[in-house]
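Residues per chain, in single letters:
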Amino acid sequence: MRAIHVTEFGGPEVLRLVEVPEPRPEPGRLLIDVTAAGVNYADTHAVEDSYLSRTTLPMIPGGEVVGRTEDGRRVVALADNYGGYAEKASVLEDLAIDVPDAVSDGQALALIVQGLTAWHLLRTSGRMAAGESVVVHAAAGGTGSLAVQLAKTFGAGRVIATASTPEKRELALSLGADVAVDGDAEGLKDRLTEANGGRKVDVVLEMTGGPVFEESLAALAPFGRLVTYGMASRQAPQPVHAAQLMGRSRAVVGFWLMHAVARPGMYREPMAELLDMVGDGRLSPQVGGVYPLSDAARAHEDLRARRTVGKLVLDTAR
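Definitions and limits used
Residues numbered from 1 in each chain as written. Predicted model: local features only at pLDDT ≥ 70, side-chain atom pairs only at ≥ 80, totals over all residues. Heavy atoms only, no water. Salt bridge = Lys/Arg side-chain N within 4 Å of Asp/Glu carboxyl O. Helix = DSSP H or I, 4+ residues; strand = E, 2+ residues; numbered from the N terminus. Buried < 20%, exposed > 50% of the residue type's maximum accessible area, 1.4 Å probe, protein only. Contact = heavy atoms within 4.5 Å. Expected span 1.5 Å × (residues − 1). Arc of directions from axis to C-beta. Phe/Tyr/Trp six-rings, centres within 6.5 Å; stacked < 30°, edge-to-face > 60°. Lys NZ or Arg CZ within 6 Å of the ring centre and 35° of its normal. Right-handed = clockwise from strand over helix to strand, strands pointing away. 1 Å grid on protein atoms, 1.4 Å probe; cavity = no way out; pocket = protein on both sides within 12 Å on 5 of 7 lines; lining within 4 Å. Points joined across faces, edges and corners; volume = space filled by probe spheres on them. Nonpolar A, V, L, I, M, F, W, Y, C, P; charged D, E, K, R; others polar.

Caption draft 1: Fine view of the pattern of salt bridges. As enumerated under the stated definition, the model contains 15 salt bridges in all. Of the charged contacts in the structure, one is a salt bridge between Asp80 and Arg29, with a shortest N-O distance of 2.8 Å. Residue Asp80 is found in the loop between strand S5 (74–78) and strand S6 (88–92), and its partner Arg29 is found in strand S3 (residues 29–39); the two are separated by 51 residues along the sequence. Arg29 sits in the buried class, given a relative accessible area of 18%. Between Arg282 and Asp280 there is a salt bridge, and its shortest N-O distance comes to 2.9 Å. By relative accessible area, Asp280 is classed as partly exposed at 47%. Sharing partners across several salt bridges, the network here consists of Glu48, Arg234 and Arg304.

What follows is the structure in structure tokens.
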């Protein structure tokens, strides 16, 4: 089968299309004929071995696939040991979810990692309450574009989006954000406060790290929560000390989807809700780009350069 094979750590240049043996079916696993594979920012970390979990070589990147099982079911699934950037993938049966006809491949891929992440950022880690203000960084991205919509659906009082370009900010507004501001770190605390009518904010969904994390923490109101779920800048923020949190009754909460996957009620149930919302039009996943499998390196380049919006997808037929 054709697959993207990585034999050395590095940037997009290490992603090479080759022929490799097909995975073998094993007990408790499903063999998927992959029609499309999802691209996540975490994939860019995995191929350079800078992710939360360590990567071993050689590897086929990709943690999410959609396609057909041997008995004809159309499913979307997490690939627990990577392997998604390929024409076939082996996944745990427990991680495969049937996709309704009303949901496209790209939409399903947008939900299995980024949709679930957005749901848990708001519901599980952020504990967003009706009427609270919510800041969504990178609001035009895969997770951010869904988090904007979900925050409004869940009753946020004010959704403040940040994005790097006017076009991305316009997209966030079209998805339901009440206001959109430049996401650059310099002066960010003041822009967020101004966007919230001069008041500090209640919840921040943060995945950039570095100074953006620090400015976001400074923008939190008493009892506010900053949920950190990435470090796209590849720059760690300054350490947070207990006195900084106690002095303003603020909280910093970390989130990694893999901790939710194995817990009862935290995987299939939210996915069922998200699929229903897409099916009846309440949620609109943004498919920002479909690349041939052979162009996986370009997909990574565009993602790292912040040239993309929404969900990126690899078409395994090309």
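Caption draft 2: Geometry of the side chain of Lys88. Among the structural elements, Lys88 can be located in strand S6. For Lys88, the contacting residues outside a window of four places in its chain are Met1, Glu22, Pro23, Leu31, Ile32, Asp33, Val34 and Gly83.

Caption draft 3: Main features of helix H9 (residues 268–279). Its twelve residues place the ends of H9 16 Å apart at the C-alpha level, agreeing with the 16 Å of an ideal helix rising 1.5 Å per residue. Taken together, the buried positions of H9 are occupied by Pro270, Met271, Leu274, Leu275, Met277 and Val278. Viewed end-on, H9 has its buried residues packed into an arc of 160°, placing them on one side of the element. The first or second residue beyond H9 is Gly281, which carries a positive phi of 90°.

Caption draft 4: How the structure looks around the environment of Gly265. The residue Gly265 is located in the loop between helix H8 (258–261) and H9 in this model. For Gly265, a relative accessible area of 38% translates into the label partly exposed. Note: C-alpha distance between Gly265 and Ala221 (44 residues apart in sequence) is 31 Å.

Caption draft 5: Representation of the packing of aromatic side chains. Applying the stated criterion across every chain, the model contains zero aromatic pairs. Positioned above the aromatic ring of Phe154 is the side chain of Arg123, whose terminal nitrogen or guanidinium carbon lies 3.7 Å from the ring centre.

Caption draft 6: Looking closely at the pairing of strand S8 (residues 133–136). Across the two faces of S8 the burial is the same, with Ser133 and Val135 and Val134 and Val136 all buried. For the segment spanning S8, helix H3 (residues 142–153) and strand S9 (residues 158–163), crossover handedness is right-handed.

Caption draft 7: Here's a closer look at the layout of surface pockets. For the second largest pocket, the calculated volume is near 250 Å³. It is S6 that contributes the most residues to the lining of the second largest pocket, three residues altogether. Tallied by class, the residues present in the lining of the second largest pocket amount to seven nonpolar, four polar and three charged.

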